[in-house]
Amino acid sequence: MKKMQLILILVMVAVTCWVWAQMPATVIDKDKLARANRLYDLEEPTTTTDSTAMSLFLETAAQAIETGTEFAIAAKNFIRAGNIHQTYQRYPQANQLYYQSLYINKTYLHNDELEYEAALFLGTSRYYQNIIDSAQIYFERAFDIVIRNPQIKLPEQEHLYNSLGAIYFEGANYQQAKNYFERALQAADRKGTEYTETYVSIKNNIAQCLVQLKQFEDALKVYKELLQLSTEQRNLVLQNTAHTYFELEQFDSALHIYSSLPALNQLNHIVALNDIGRIYMKRGQWPLAEKIFDSAIHANKKMAAAIKNKEEAQAYLYRSELAMVQGLTDEALTWCDLALQEVHMNYKGAGIDALPEKVSEAVSPIVLFQALRQKAVLASNKFDKEKRPLYLKAGLQAYKKAIQTANYIKLNFDNDEAKLFFTDKNTTIYKEAIALAAKAVAQDEQFADDFLFFSDSYKGSVVFQNLESIELKSSAQIPDSIKKREKEIKQLIAVYTSRINNNNTASDVLPLQERLLQLQVALSRLQKQYEKDVTYNLYKYQQKGAEISLARVQQFLDNETAFIDFVTYDSVLYVMAINKNKWTLQPVLTDGIFSSQFQKFINENYLQLQGKRYEGFGPAAYLYKKLLQPLNGVIATKKRWVIIPDGILHYLPFDALVRDAEDRDYLVNDHAMSYHYSFQLLLQNNSHHSDQPQANRSIAFAPFTVSDNHVKKSKFQVLPYSLYEVKSFTSNYFTSYKATKNFFLSAAPEYQLIHLATHASVSTDSINNWIQFYPADTVDMNNRLYIHEVYNLNLHKTNLVILSACETAGGTTIAGEGLLSLSRAFIYAGSDGIISTLWKTEDKVTAYLMERLHFHINKGMLPELALQEAKKELLENKTIEAQYKTPNYWSNFIYAGKIKPASFFNRGLKGWIFLFLAVLFLYGVYMLKRKRFLLKQ
């Protein structure tokens, strides 16, 4: 029986196989596929041809899947069908087809070229849907494939780079956007039939970046070049030219171009209407401006009624600004809420105190930032008129949300140039918030935390974010290979920047610029590698920490230290002083007299003239009375003052001020001064630093101790006292030909204390911001350490850098970030602190101060206390000529950086003597009491 069953089963299997073999195999209709491709490639397709092509693509894709082998054809067909949907703005249908292509490829093929195309076009579709974060993910995926396959010429790379440029542009990172657009131009096929159109499109994008970077003249040059070409995009170029004239406030030129333009596509027409409306608003032609803005809103609704649209949000915002200038605050508030509702995915609120919750849910973070600022201004205006606390709180909260949005925007920048530019461009909003918080504090001290938040968000944020990022990367489990590659790229960027700065030949500079561009993009790509790491993102969100607050600052302080925070705004200087138990906030009016006295004091110190009598005591006393005397209730009894300056106050050596012009009692006699960029930086914990520099962990460089042939050829002055300066504190010093730049770069990261006794230069540009090492040859970049190279050093083991060279603390001031100086660069590179100079040094005085400074540091004294002690000893030393005792010779040395709690153990020899005497006194009291007790017995 079992045998029969087995035979029956075998017969059935055989019959089934025979029947299956007789069935016709599924085949792809090659004619239909060829026809679909032919229709897809038509130069002038129609809705009919596109519809037919799509149907044929989907039919043959189904056939390809049924074959069980031709999956590549199916994946390709889905991409092309998706592209047809995208042409007609049917984005959900397009996305579904791209997803199908990616799924088939992942499951059966693993073909990089097909994955690249699907990811690229899916990213484009998501971008047009205003789902920017998703778009970026797919663009990055496509870019990764390009990097993985350098040997393959993947199609439409210029489209990829152009798209990434657009993403960065939307995120306000205009410098990086420009980098990607320029990379797109390099990738474009110069021999292709459409190269001219591609060239115009990308150059137009580059010019838009230049406009946003406020490089208007450079942008106009690009537009004028493009207008010489015969192109379909001429009208768009004309419109952008008009917008540039608008930004330059050349309104007649802008209107002339706008009036000559023929009908534009809807989106460009809306952008043009918004510009024209703003021109009429600025000219006071309010009814006409209102009409134009309403036309823009109507056009927006017609074009994209169901999609959140930043152009519509901006039109609402301009209507709000128009109502505000007309004094219609409530109407302005209504328009502002409409702008917020349009730019934010989930905000539906209205009213003076309503705000969106999550910054990350904005269609355009920049427009959200602008709308929040507008709401804050409106609330502030209502408070000024009606004095209701509700409006004050609403204004502060709106400013806070706006600045949180700004921090969110900057957090997503992957280069510091963009962060600096963003803060500088938007300085006003921070200052407005600070001024409003000061008004609030005057009414109720509970708003002190708001003042601190606004002040510290404005100051030193780029340095803080960099140091926080480095700490974060060291904590996360990032592969060493990525960290090593990042270091290599940063070093190469510094090298190529130096070469460009030192080369005036256009033919040589061009390839260097192209290579620099590639490196900048590569660094951006590497950041994305960090963000793919789970531990990095975990630490990233943990690292944010608590916001700055008065309680947190006071908890950090010891009983001998006071913080003094300055913020300038128009003609008012806000000064906040804090000690462990008390605080005060004072407004100081900076009128013409203040400016005159300040400038006179600066001139007396910075401009040394041989034989000229020092006349800075009067201005010094005036500045003390104006800036510091009102704070005496908080700071007078404190030995250490930590100053966080702003604006021109970065140039002021506070310890050179006097309480009275006749007594000439310098503040340095009673107070040790130190400086920093923000509270967050002061409070930041660097666990990897040791407590104090040790003699065997110090290194010093003095390249100009003697005159040899190389020094003579370099024409740098010999600094004979510099040998005495470095020799006085360490045996690990390098002079003359041993003090080279290359040796410094290799050795410096391993030392806790670094001392450079040499020449330096400070300027407004990186080419003239440098520290000079031994001139071993005539090539400047081989012997000079430029400021951009300092930024890329790894000094996270370094407690203190000493630059006893000219003007190393000076530089260009930039909003919120202080002086872009060599001093700041060393803190940025990781050093806890730095002693540097505000103006030119005198060799003999420098040598004396540095010898005494190191003497006290080696005794365990903190750097700011050691510097104070060295200056006091110079003033008291009877062997030093009187001419060297005026502040223009000694007050140029300043300490900037972290502070540690002052105690007997880091006050140097005096602290130990005081402690010894105290113990001796207590012992004497004990013995006296013991003797009396024994006598009574």
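Calculation notes
- Residues numbered from 1 in each chain as written.
- Predicted model: local features only at pLDDT ≥ 70, side-chain atom pairs only at ≥ 80, totals over all residues.
- Heavy atoms only, no water.
- Helix = DSSP H or I, 4+ residues; strand = E, 2+ residues; numbered from the N terminus.
- Buried < 20%, exposed > 50% of the residue type's maximum accessible area, 1.4 Å probe, protein only.
- Contact = heavy atoms within 4.5 Å.
- Core = buried A, V, L, I, M, F, W, Y, C linked by side-chain atoms within 4.5 Å.
- Axes fitted to C-alpha atoms, helices over the stretch in contact; angles between N-to-C directions.
- Parallel < 35°, antiparallel > 145°, perpendicular 65-115°, else oblique.
- Left-handed = near helix turned anticlockwise from the far one by under 90°.
- Phe/Tyr/Trp six-rings, centres within 6.5 Å; stacked < 30°, edge-to-face > 60°.
- Lys NZ or Arg CZ within 6 Å of the ring centre and 35° of its normal.
- Polar contact = N/O pair within 3.5 Å; in protein donor to acceptor, adjacent residues only side chain to side chain.
- Expected span 1.5 Å × (residues − 1).
- Pairing = 2+ DSSP bridges.
- Salt bridge = Lys/Arg side-chain N within 4 Å of Asp/Glu carboxyl O.
- Nonpolar A, V, L, I, M, F, W, Y, C, P; charged D, E, K, R; others polar.
- pLDDT = per-residue confidence, 0-100.
- Patch = residues over 30% accessible without salt bridge, like charges linked within 9 Å, V, L, I, M, F, W, Y side chains within 5 Å.
- Areas by Shrake-Rupley, 256 points an atom, 1.4 Å probe, with all protein chains shown as cover.
- Lys, Arg positive; Asp, Glu negative; His and termini not counted.
- Charge placed at Lys NZ, Arg CZ, Asp CG, Glu CD.

A.B. asks: Provide a residue-level description of the overall build of the protein, including the pertinent values.
C.D. replies: Counting secondary structure elements, the protein contains 41 helices and 16 strands. Counting only residues that meet the buried cut, the protein has 55% of its 937 residues in that class. In the protein, the proportion of contacts linking residues at least 24 apart, taken out of those at least 6 apart, comes to 70%.

A.B. asks: Describe the nonpolar core, and please don't skip the residues or the numbers.
C.D. replies: In this structure, Leu160, Phe451, Phe454, Phe563, Ile578 and Phe679 are the most contacted members of the largest nonpolar core, which totals 174 residues. The greatest single-element share of this core, amounting to 11 residues, is contributed by helix α18 (residues 365-386). Each residue touching Phe679, except ones within four places of it in the same chain, is listed here: Leu452, Asp456, Ile548, Val553, Phe563, Asp565, Ile578 and Ile644. If you look at the next biggest cluster of nonpolar residues, it comprises 99 residues, including Leu785, Leu795, Leu849 and Leu875.

A.B. asks: Please provide a residue-by-residue account of the packing of helix α16 (residues 310-325) against helix α17 (residues 329-343), values included.
C.D. replies: One can describe the packing of α16 onto α17 by two numbers: an axis separation of 8 Å at closest approach and a directional angle of 165 degrees. Between α16 and α17, the interaxial angle falls into the category roughly antiparallel. Like other packed secondary-structure pairs, α16 and α17 cross with a definite hand, here left-handed. Facing Glu312, Ala313, Tyr316, Leu317, Arg319, Ser320, Ala323 and Met324 of α16, the residues of α17 in contact are Glu331, Ala332, Trp335, Cys336, Leu338, Ala339, Glu342 and Val343.

A.B. asks: How would you explain the packing of aromatic side chains if you had to name every residue and give the values?
C.D. replies: What characterises a pair of aromatic rings is the spacing of the ring centres plus the angle enclosed by the ring planes. As enumerated under the stated definition, the model contains 35 aromatic pairs in all. A ring pair is formed by Phe563 and Phe679, whose centres lie 5.5 Å apart and whose planes are at 55 degrees; its orientation type is tilted. Taken together, the residues span a long stretch of sequence, with Phe563 in strand β1 (residues 561-569) and Phe679 in helix α31 (residues 679-683) at a distance of 116 residues. With centroids separated by 6.3 Å and ring planes inclined at 45 degrees, the aromatic side chains of Phe654 and Tyr675 adopt a geometry described as tilted. Of this pair, Phe654 sits in the loop between β4 (640-644) and β5 (672-675) while Tyr675 sits in strand β5, and the two are 21 residues apart along the sequence. The buried category is assigned to Phe654, whose relative accessible area is 0%. By way of ring pairs, the aromatic residues Phe701, Phe734, Phe743, Phe744 and Phe773 are connected into one cluster. The ring of Phe383 is capped by Lys387, whose NZ or CZ atom sits 5.3 Å from the centre of that ring. Cation over ring: Arg852 sits above Phe855, and NZ or CZ is 4.4 Å from the ring centre.

A.B. asks: Quick rundown of unusual backbone geometry? Include the residues and the values.
C.D. replies: The residue Glu156 is not glycine, and still its phi comes out positive at about 55 degrees. Located in the positive-phi region is Ser736, a residue other than glycine, with phi close to 50 degrees. Mapped onto the fold, Ser736 is located in the loop between β7 (733-735) and α34 (741-747).

A.B. asks: If you had to explain the side chain of Lys459 to someone new, which residues and values would you point to?
C.D. replies: Mapped onto the elements, Lys459 comes out in the loop between α22 (448-458) and α23 (461-475). By relative accessible area, which is 2% here, Lys459 ends up buried. One polar contact links Lys459 to Asp565, side chain to side chain, over a distance of 2.6 Å. Polar side-chain contacts of Lys459 include one of 3.4 Å to the backbone oxygen of Pro645.

A.B. asks: Break down helix α6 (residues 112-128) for me, citing the residues and quoting the values.
C.D. replies: Helix length check: α6 (17 residues) gives 24 Å between terminal C-alpha atoms against 24 Å at 1.5 Å per residue, within 8%. For α6, the buried fraction is high: 14 of the 17 residues fall into the buried class. The residue sitting at the N-terminus of α6 and contributing the capping side-chain oxygen is Asn111; that oxygen lies 2.9 Å from the backbone nitrogen of Glu113.

A.B. asks: Run through the sheet that holds strand β11 (residues 784-786), naming residues and quoting values.
C.D. replies: Pairing is antiparallel across the open sheet formed by 3 strands, whose spatial order is β9-β10-β11. Sheet topology places β9 (760-761) and β11 at the edges, where each strand pairs with a single neighbour. Examined bridge by bridge, strand β10 (residues 770-772) and β11 share 3 bridges and lie antiparallel to one another. Residue Gln772 lies in a different strand from β11, and its bridge partner there is Arg784.

A.B. asks: Got a sec to walk through the pairing of strand β3 (residues 583-589)? Specific residues and values, please.
C.D. replies: Pairing analysis gives 7 bridges linking strand β2 (residues 572-578) to β3, with the strands arranged antiparallel. Across the sheet, Leu573 pairs through a bridge with Val588, a residue of β3.

A.B. asks: So what's going on with the pattern of salt bridges? Residues and values would help.
C.D. replies: Following the criterion strictly, the structure yields 31 salt bridges and no others. Close ionic contact of Glu386 with Lys382 constitutes a salt bridge, the shortest N to O distance being 3.7 Å. Note that Glu386 and Lys382 are positioned in helix α18 at a spacing of 4 residues, about one turn of the helix. Residue Glu386 is classed as partly exposed on the basis of its relative accessible area of 40%. Connected through salt bridges with shared partners, the residues Glu290, Asp294, Arg319 and Glu331 form a single ionic network.

A.B. asks: Which residues make up the packing of helix α10 (residues 195-212) against helix α11 (residues 216-227), and what are the values?
C.D. replies: Taken N-terminus to C-terminus, the directions of α10 and α11 make an angle of 165 degrees; their axes are 8 Å apart at the nearest point. On the basis of their axis angle, the class for α10 and α11 is roughly antiparallel. Viewed along their axes, α10 and α11 form a crossing whose handedness is left-handed. Judged by residue contacts, Tyr199, Val200, Lys203, Asn204, Ala207, Gln208, Leu210 and Val211 of α10 engage Phe216, Asp218, Ala219, Val222, Tyr223, Glu225 and Leu226 from α11. Taken together, the residues of the contact of α10 with α11 break down into 10 nonpolar, 2 polar and 3 charged.

A.B. asks: Just give me the short version of α17, but keep the residues and values in it.
C.D. replies: Here α17 contains 15 residues, and its C-alpha end-to-end distance of 21 Å stays within 8% of the 21 Å for a straight helix at 1.5 Å per residue. Residues of α17 that are buried sit in contact with α15 (286-303), α16 and α18.

A.B. asks: Describe the side chain of Ser455, naming the residues involved and giving the relevant values.
C.D. replies: Looking at the element boundaries, Ser455 is found in helix α22. Relative accessible area serves as the criterion here: at 0%, Ser455 is assigned to the buried category. Residues within four places of Ser455 in sequence aside, it is in contact with Ile434, Asp565 and Val567.

A.B. asks: Can you tell me about the environment of Gln86, naming the residues and giving the values?
C.D. replies: As for its placement among the helices and strands, Gln86 is situated in helix α4 (residues 71-87). Gln86 sits in the buried class, given a relative accessible area of 11%. Here the alpha-carbon distance between Gln86 and Phe121, two residues 35 residues apart in the chain, equals 8.8 Å. Not counting the four nearest positions on each side in its chain, Gln86 is found in contact with Tyr91, Ala94, Tyr98, Phe121, Thr124, Ser125 and Tyr128. A distance of 3.3 Å separates a polar atom in the side chain of Gln86 from the backbone oxygen of Phe121.

A.B. asks: Please provide a residue-by-residue account of the pairing of β1, values included.
C.D. replies: The buried fraction of β1 amounts to 7 of the 9 residues, a majority that puts the element mostly inside the structure. In the sheet, β1 pairs with β2 via 7 bridges, with the strands oriented antiparallel. Across the sheet, residue Val567 finds its bridge partner in β2, namely Tyr574.

A.B. asks: Give me the environment of Phe704: which residues, what numbers.
C.D. replies: Following the sequence through the fold, Phe704 ends up in the loop between β6 (698-702) and α32 (709-714). Considered as a pair, Phe704 and Ser736 are 32 residues apart in the sequence and their alpha carbons are 5.9 Å apart.

A.B. asks: Give me the confidence of the model for the protein: which residues, what numbers.
C.D. replies: In this model, the protein carries an average pLDDT of 83, and 79% of its residues clear a pLDDT of 70 or more. Counted against residues more than four places away or in other chains, residues 541-545, with its pLDDT under 50, gives 4 contacts. Counted against residues more than four places away or in other chains, residues 813-819, with its pLDDT under 50, gives 33 contacts.

A.B. asks: With reference to specific residues and values, describe a negative patch on the surface.
C.D. replies: A cluster of acidic side chains, namely Glu43, Glu44, Glu194 and Glu232, defines a negative patch on the protein surface. Along the chain, Glu44 falls in the loop between α2 (30-40) and α3 (47-67).

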